[in-house]
Structure formats: C-alpha cells, structure tokens
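# Per-entry structural report
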Amino acid sequence: MKVIKFGGTSVGSPHAIREVQNIIEGFDANGEKIAVVVSAQSGITNKLVRIGTLAADQDEEYTTVFNDIETQLMNLITELMPINRQSQIIAEIKKLLNDLEDVVHGVYLLRELTPRSADFILSFGERFSARIISAFLLVNGIDANYTDAREIIKTNSSFGEAKVDFDETGRLIHKYFDTNQKLNIVTGFIASNDKGQTTTLGRGGSDYTAAILGAVLEAEEIQIWTDVDGVMTADPKKVKRAFSLPTISYMEAMEMTHFGAKVIYPRTLQPAVAKNIPLRIKNTFNQGFDGTVISDMSVNSDYTVKGITSMEDVVLVNFQGAGMVGVPGIASRLFGSLARAEINVVLITQASSEHSITFAVLPKDAEKCRLVVEAEFEREIETGKIDQPNIEYNLSIVACIGEKMRETPGISGKLFSTLGKNGVNIKATAQGSSELNISVVIEKPDLSKALNALHGAFFKGEIHSLNVFMVGAGLIGKTLWDQIKDQYEYFINERRLNIKLVGIANSRKMLFDKEGIDLDNWYDQLMESGEQSDIHIFVQRMKEFNLPQSVFIDNTASKEIAAQYKKILNSRISVVTPNKHANSGPYRYYKELKEAELKNGVKYLYETNVSAGLPVIKTIEGLKLSGDRVIKVEGVLSGTISYLFNNFDGSKPFSELVKEAKEKGYTEPDPREDLNGMDVARKLLILARETGHNLEPEDINLEKMLPESCFDVASVDDFFVELKKFDDVMLERKNEAEKEGKKLRYIACLDNGKAEIKLITVGPGHPLFDMSGSDNVVSYTSQRYKERPMVIKGPGAGAEVTASGVFADVLLISSYLE
Ligand SMILES: NC(=O)c1ccc[n+]([C@@H]2O[C@H](COP(=O)([O-])OP(=O)(O)OC[C@H]3O[C@@H](n4cnc5c(N)ncnc54)[C@H](O)[C@@H]3O)[C@@H](O)[C@H]2O)c1
Ligand SMILES: N[C@@H](CCO)C(=O)O
Ligand code: NA
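Residues numbered from 1 in each chain as written. Chains lettered and ligands numbered in written order. Predicted model: local features only at pLDDT ≥ 70, side-chain atom pairs only at ≥ 80, totals over all residues. Heavy atoms only, no water.

The next point concerns the sheet that holds strand β20 (residues 531–532). Here 7 strands make up an open sheet; going across it, the order is β20-β19-β18-β17-β21-β22-β23 and the pairing mixed. Edge positions in the sheet fall to β20 and β23 (604–605), since each of these pairs with one other strand and no more. The pairing of strand β18 (residues 497–505) with strand β19 (residues 509–512) spans 3 bridges and is antiparallel. Its bridge partner being in β19, Ala505 is matched across the sheet by Met510. In this fold helix α15 (residues 475–495) packs onto β17 (464–471), β18 and β21 (550–554), with an angle of close to 155° to the strand it touches most, β18. (Pairing = 2+ DSSP bridges. Helix = DSSP H or I, 4+ residues; strand = E, 2+ residues; numbered from the N terminus. Contact = heavy atoms within 4.5 Å. Axes fitted to C-alpha atoms, helices over the stretch in contact; angles between N-to-C directions.)

See the structure below:
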C-alpha cells in the first residue's frame, strides 16, 4: 500500500481536484491500494489564522474573512459537483461553518485566543477539504470515506505543535484501517489529545500525517503531491537551470530543507526514515514526471553535490580579542548567552589560532546579539581583552549539499575556485564534519552570480552560459557572431555551453538583454531598439548585471574603449580584444592590465593584436613558460602591406591596391594607420613587451614608406586623393627591385631589445621572399631555436581569420571559468 498526500494547491481548485481524481483512479487501475491525506485548500489556513487574531482583537473584520472562506468553499463545490448532488455536501460544510462561527464568536466575546482554540479553529481547514474531496470522489464512483485524523492520531497537549503518542496512534490507525477497507480520505495536520481536544502537528503537518500513516501501515512508499516537480538542485527562482533531482537521500533532503527548499519539512520525514520508507515528491500538474525519490538509496546518484541552496539575508558577527587565546569557556559563554536570548546561530567558524570566533545570525537578531554579547563580556571588553563585536551586514550564505562530497576530493577546491574566478569574495566558510554541507558567506549582491556559477560547475551535464558583452559591431564583430551562430548548436550539444550575447554596442547604440539577444537579428535590434551608446554606462551596466562567466570583447579600434579595460578587469570580467591600443600605449598601462588580470583571477587575451588568428602571442608565452628566452623576433606584421607588395605587378596603380585591401577587410578602419607604419609599430611594440622588454612607443625606430604629407589630410577620402600622387614613386621602387630579381618587404625587427621597422628588398632564397595574399611571417630566434628560427606564417589579416582568433580566445576564457 501507498500513502498519498495532496497539498493545498492540489486541492485548491476544481481543475486541481479533477487531477487528484485522475491520480487516484490511476492507482485503482493498477490495483494499488492507497490511503489519501489532504491539506486544507490553499489560502484557507491563512484566513483561519487571521480570523482568530481579528476576533481576539474584537475586530469585526473577522466576519469579512469568514465570508471569504464561505464563498471560496461554495464556489468550489458548485463548480465541482453536478447540481443535483450538491445539497448534501453543502449542508455538511454549512454545519462546519456554523461550528466555526460559534467558536470564533466565543473568542470575540472573551477577547482571548488560547492555543487550544487556535488549533480548533485551524482544524476546520483540513476538515472542509477532506469532506469536499470525499464527496466529490463518491459522486465520481470512488468509494471514498471521510476520515477525521483526530480519531486516529493521538498527541500530548502542546497545542500548535503537539507531540505524537506513537503507541496509541499506531493502535488506533491499525484498528481504523482494519475496519474501514474503503479509500480513506484523511485530514492532514490535525490530531487530538487524550481528552479528545483538537491539536495540530505544526508546520508541514500534513506531510507528517502522511509519514505517520505510512510508518504505521508499513507503506511501500509515501507520495507527497505538490505543485513543483520535486526537490530541485537549487531555487528555480534564482537559478534558471535548476532541475529536479531523481533521487536524494534523507539526510540530504533534510539539509536542503534547512536552507529553504520548502518542499518538505525535515521533521515530517522522521517516521518514514525510521521505517526506511521511500518518499516520493510528485507534481499534481505534471503527473507524467517521475519526481524525486527520497530514500537511503540515493547515494548512487550521478551527482556529488545534490543541491546548492542559500540563505539570502544574514549578518556576520566577528568576536575577537587577544584575551581569548587559550582561555577555555569563552565559546561556551558566548553561545550560552545567545541561546538564553533565543538567538539562533546559523553558522560558526573559528580559526585554530583561537583569536576570533565568527558566526552568522539573522539580521533581525543582529542588534540584540550585540547587546547580549556586550553584556556577557562586559568586563573583558572594558579591560580590552576582547574587542567590541563587529557586525557585518548585507551578506548571504550559499551552501553546497551532498552526502558523496565527503568521499570525493576536490569539492571544496572547486567551490572556492569557481567563486574566485567569478569574482565572488568569500567572507567566511564552514563545513560540518559530516561533510554533507559546505557553507560560505558572501556579499549579498553576489548571491545570484554565486548560485548560478556553482550550479554550472557542479551540474556539468547541464547547459551553462557564457555571458558575452561586446563593443564594436563592425566587420570583425559581425563576422565573429556569424561564426558563433554557425557553431551554436555544436556548443550546446557537445560542450553544454550556451554562448549568449547579453550586451552590445557600437559607436551609436547599445542594447542589453540578460536572457540573450537573438543571434539571428542582433544588429537590426541594436540599431532599431538600442539606446544611445555610452561606454561608461555600458561598463556600469555590466557591473550591475554581475553575471557569472562574463566576458567583454572590444572589437573597436578605439583608444577610449581600450582605456576601460582596467576598470572592467577590476569588475572581475575577462577581456578579449583585437584592438591594439591598450597594449601599445604607455608601458605602465600594459603592466597595470597584467596586474589587474592576476589580482582579479580573470583573463585578458589579445592573440589577434598581432597577425590576426596566427598563434604569435601564445607562442611567445609558451617559449617563456618552458624556460626558453627569445633573442630576436623578425618578420612581416602587416597583412595590408603584405597584400600590396604581393599583388603589385604594375597592372594597377598602388593606390588602387590600397582600396582593394580596404575592401577585403585587411586594413584598419582608417587605412592610414597601416600605410604610415603605425599599425606595424604597435604590433612590434606588443611583441617586444611580450618577450620582456619594457619599451615605450617612441622606442620603435620607424622608417616610413611614404612622406608625412600623404597622411596629413582631413579624411580617408582625401587620403586616397593624396596617395595617388605617390603611385609613380611606388612603381619606381618596385621596378628597381625587380631589376635585381628582388621584392619589396616592409619588415619589423626586434633584436636584443632594439626595435626597428624598415622597407627592404629581398631576393629568392630569403625567408620573406615567397609570400602571397595577406600573409604575415614571424620568425623567432631563441636560445633553443638558435641555429634555425621558429617560423609562423599565414594570412595575417582579414575578417574570418581575425574573428576566429577572437572566438578562440573567448573559448579559452570559457574553459578557464568552468
Ligand atoms: N581587419 C582585420 O584583419 C583585423 C585583424 C586584427 C585586428 N583587427 C582589429 O579589429 C578591430 C575592429 O576592426 P573592424 O575592421 O571590425 O573595424 P570596423 O570599423 O568595421 O568596426 C569598428 C566598430 O567599432 C565601433 N566603435 C568605434 N568606436 C567606438 C566607440 N568609441 N564606442 C563604441 N563603439 C565604437 C564602430 O561603431 C564599429 O561598430 C580593430 O581594432 C582592428 O585593429 C582587425
Ligand atoms: N590592419 C591590420 C589588421 C591586422 O591587425 C593589418 O593589415 O595587418
Ligand atoms: Na595572432
């Protein structure tokens, strides 16, 4: 046999009650014997509580609430039952309502609500409910029998939360169920004492009723039907990706409930735990779903951490002083005084230095706590042996729960590193010796981020999000999202990774959506519904969102945006950029970004600063980390100029080729930056810094290909006009080189810290002779690559190869943050 309990929402509407009928018929069809326990209709118990208090205050308003109850019940009956079958149940309910009115009127006259009459008033809720449900089932051909639990569950006289007399209760239940073989519909929550007076079982009392019945009748399972899909891995209001656990142990369930997963109340489990009866949490409104089984078997689950729960509001009290060290009895006096003041301590930690004890209490107790502690340690505080307690507000507790944690190494490591990488500062930690629960105290504004990051880290099978903010929506920005869109399904399916565009801006507009902007038309949306762009507001907004796994991408060529990186890294958001300005300005800023990266545990990646997607920067890092030393770096670093010389055969003027390079997406947004050598200078400076030289921009020795007058014009269009004037000069240079069988190359060289850029000619056999398209070549001479340098060669500019380099950096960050 099974005991089936229906909660308030499951009996709260005609629709729900029809579902209940459906569920009961299902058991019948399978030939399964059941007993049913029902709660009061949702809303009724609260109204009954209110009636009691209003009446005791002699507030006439109680009659309004009373009428509300009557209306709610009558509506339910008339909607549920056929007209010709309503009269009997209406008469029964009216009779109960009259009794209720009498007792409430008594309270009104006496101006006193005793615990005993409060329990009696509350008992009507479950009695109405069981009456209506059994009447409805009878009408539908189910042989239901109204069972008043006061006849079978006996308690002491602690009204409000009475203690069950299990011997007597067991006897009565057996007797009752032996003689009543029908489908018993039992009132939850209520019981009676030895004088026959009505008592109640406290919060979650109906679950308790079901557990008692199940234990006595040795049920094979107790089912709690509610309006959620079972015990979830986290509060779904805070963690969208929370899901229902198929199994969980009794201990885990209790621990979860302690932290606010109010699906079940721990105490209600006890009779079931004692008899080892599994409990199943099911959803009345999603019957096909298996729900969660709570038993002692669940240790064989896929998950080590079962749930991530939280207490949203706590304060941390730090109690410390030199006079505490080695003095026994301090902790006992401290916690004794708090206990006497009925202050509940939620979490305690003490370092082995014994210099301080830190504990958490609820904010409502904070001030009282201060007074109590100051009074208890008045003398010690006066003499300076112990400091005044220090209270920190606006904190939350996050706890990871799971029985298997104790035998799995690395859980707390992962907990701390996940929080660290996401920039969540930990104020205090506590771990029970049972290792069923590891708790950390964090700042309240970080709660949602912490819960989501931990959920992603511990429930790997679940899809986690990478939250991307991007400024710059030009060629590279657009190509990047085309590439991400193409790979989107792959990442969802194979890597369980949802790459979300949550914020986007160009120089005109900006747009945000925490849920992710539609990747099919993000650009149109930006331009149509974006607000006016402002980088300061953009950065502020990212900070406020405080999302886990956040990355900022700068796809502009703007100095203003580059100037924001430090602030962004300090907001614990990683940065990816093809924009060279941050790394090629003053050395100090470059250094500060490196420091900010380290200090904040985030990443700053810019592989595409030099030679687009070619692994030029990574390679330096690899050489350095493995103990090699780079002596010389040399090569062609401009995709644009490479393209010009590779295609300059005299059939088209030089200036036409520059236009082509621009159209092909090789040039900077302003092509003067390429032709005046500045782009190459920036890249060489970055390579110099990466190999360990503290150079400043003015340390780059730059030979220009064209005179300054060519660039000193107002616009890009004017530049092309000016450039035409030098078509002949360039043709001349090319022809001269060709006469000797040579080619023009604009090369960058870093030799022992000296940086130089110049226009040279190279002949066949030279490593830079054979090139085509937008090829870059970078050769490294190092201690290990001394005789023959290491050479990296390939397309060094263009939208696809640049965007894919940015994409790769973004993915590196995603793996790092996981
Ligand atoms: N094209 C390549 O082959 C290549 C290779 C490596 C690196 N890069 C770098 O990629 C970056 C982007 O190049 P692109 O070709 O996509 O440029 P683009 O001109 O096509 O796009 C630039 C975008 O940045 C936006 N923008 C500019 N200033 C802004 C500001 N202050 N605030 C907000 N948005 C701003 C513009 O509105 C535009 O959306 C540049 O830094 C470039 O050096 C390009
Ligand atoms: N404009 C640059 C893009 C790569 O940084 C080039 O031509 O090399
Ligand atoms: Na690169």
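So that's the structure; there's more coming.
All of the protein donors around the sodium ion (ligand 3) are Glu607 (O), Glu607 (OE), Val610 (O), Ala612 (O) and Leu614 (O); their distances to the metal are 2.3 to 2.5 Å. What makes Ala612 buried here is its relative accessible area of 4%. (Donors = N, O, S within 2.8 Å, 3.2 Å for Na, K, Ca; no water. Buried < 20%, exposed > 50% of the residue type's maximum accessible area, 1.4 Å probe, protein only.)

Right, let's talk about the site of ligand 2 for a bit. Gly639, Thr640, Tyr666, Glu668 and Lys683 are the nearest of the 13 residues found near ligand 2. Take Thr640: an N or O atom from its side chain is 2.6 Å from an oxygen atom of ligand 2. Side-chain polar atom of Asp674 to a nitrogen atom of ligand 2: 2.8 Å apart, as the coordinates give it. Elements with a minimum of two residues in the shell around ligand 2: α23 (639–647) and α26 (678–690). (Near = heavy atom within 4 Å. Polar contact = N/O pair within 3.5 Å; in protein donor to acceptor, adjacent residues only side chain to side chain.)

Counting residues in hydrophobic clusters, the biggest one holds 92 residues, and the most contacted among them are Ile93, Leu100 and Phe128. If you tally residues by element for this core, the top one is helix α5 (residues 115–139), at 10 residues. (Core = buried A, V, L, I, M, F, W, Y, C linked by side-chain atoms within 4.5 Å.)

It is worth spelling out the pairing of strand β11 (residues 307–320) at this point. Burial within β11 is extensive, with 11 of its 14 residues counted as buried. Bridging between β11 and strand β14 (residues 390–401) involves 9 bridges; their strand directions are antiparallel. The residue of β14 that forms the bridge with Leu316 is Glu392. As paired strands, β11 and strand β13 (residues 356–361) are joined by 6 bridges and run antiparallel to one another. In the strand pairing of β13, Leu316 is matched with Ala360.

All of the buried residues in helix α22 (residues 616–625) are Val616, Ile617, Thr619, Ile620 and Leu623. Taken end-on, α22 shows its buried residues confined to a sector of 160°, consistent with a single buried face. Where α22 is buried, its residues contact β24 (630–636), α26, β28 (775–782) and β29 (790–795). One or two positions beyond α22, positive phi appears at Gly627, with a value near 90°. (Arc of directions from axis to C-beta.)

The next subject is unusual backbone geometry. Glycine aside, negative phi is the norm for most residues, and most peptide bonds take the trans geometry. Despite not being glycine, Glu342 has its phi angle at roughly 60°, a positive value. Here Glu342 falls in the exposed class, since its relative accessible area comes to 69%. Despite not being glycine, Asn752 shows a phi value in the positive range, around 50°. Take Asn752: it is sitting in the loop between β26 (743–751) and β27 (754–762).

With respect to the secondary-structure elements, Ser611 resides in the loop between β23 and α22. A polar atom in the side chain of Ser611 sits 2.8 Å from the side chain of Asn776.

We now examine the sheet that holds strand β10 (residues 292–295). On the basis of which strands lie adjacent, the open sheet formed by 8 strands has the order β3-β4-β2-β1-β7-β9-β10-β8 and mixed pairing. Every other strand in the sheet has two partners, leaving β3 (144–147) and β8 (247–249) as the edge strands with one partner each. In this sheet, adjacent strand axes meet at a mean angle of 25° when their direction is disregarded. Note: strand β1 (residues 2–6) against strand β7 (residues 221–226), 5 bridges, orientation parallel. By the bridge assignment, Val3 is partnered in β7 with Ile222.

Our focus in this paragraph is the pattern of salt bridges. Applying the stated criterion to the full structure yields 43 salt bridges. A salt bridge links Arg672 to Asp670, with the nearest nitrogen and oxygen atoms 2.9 Å apart. Using a relative accessible area of 22% as the deciding quantity, one classes Asp670 as partly exposed. Through salt bridges with shared partners, a single ionic network connects Arg333, Arg340, Glu376 and Glu380. (Salt bridge = Lys/Arg side-chain N within 4 Å of Asp/Glu carboxyl O.)

With that out of the way, let us pick up the site of ligand 1. Around ligand 1 lies a shell of 24 residues, among which Ala473, Ile476, Thr556, Glu668 and Gly798 are the nearest. Measuring from a nitrogen atom of ligand 1, one finds a backbone N or O atom of Gly665 at 3.0 Å. Here an oxygen atom of ligand 1 sits 3.2 Å away from a polar atom, N or O, in the side chain of Thr802. The fraction of the free accessible surface of ligand 1 (840 Å²) that becomes covered by protein chains is 83%. Looking at the shell around ligand 1, the elements with two or more residues in it are α15 and α18 (559–562). (Areas by Shrake-Rupley, 256 points an atom, 1.4 Å probe, with all protein chains shown as cover.)

As a packed pair, helix α24 (residues 654–663) and helix α27 (residues 716–724) sit with axes 9 Å apart at the nearest point and diverge in direction by 150°. Mapping the contact onto sequence places Ser655, Glu656, Val658, Lys659 and Lys662 in α24 and Val716, Phe720, Leu723 and Lys724 in α27. Split into classes, the residues belonging to the contact of α24 with α27 amount to 4 nonpolar, 1 polar and 4 charged. (Nonpolar A, V, L, I, M, F, W, Y, C, P; charged D, E, K, R; others polar.)

What follows covers the domain arrangement of the protein chain. Here the protein chain is described as being made up of domain 1 (2–227), domain 2 (228–281 + 295–462), domain 3 (464–612 + 805–817) and domain 4 (616–796). Between domain 2 and domain 4, the C-alpha centre-to-centre distance is 59 Å. (Domains from an automatic or database assignment.)

Attention now moves to the packing of helix α1 (residues 14–29) against helix α3 (residues 61–80). When two helices pack together, their arrangement is given by the angle between the helix axes and the distance between those axes. Contact geometry of α1 with α3 gives a least axis separation of 10 Å together with a crossing angle of 55°. In this view, α1 runs oblique relative to α3, as classed from their interaxial angle. Considering the relative orientation of α1 and α3, their crossing is right-handed. Mapping the contact onto sequence places Pro14, Ile17 and Arg18 in α1 and Leu76, Glu79 and Leu80 in α3. Residues belonging to the contact of α1 with α3 are distributed by class as follows: 4 nonpolar, no polar and 2 charged. (Parallel < 35°, antiparallel > 145°, perpendicular 65-115°, else oblique. Left-handed = near helix turned anticlockwise from the far one by under 90°.)

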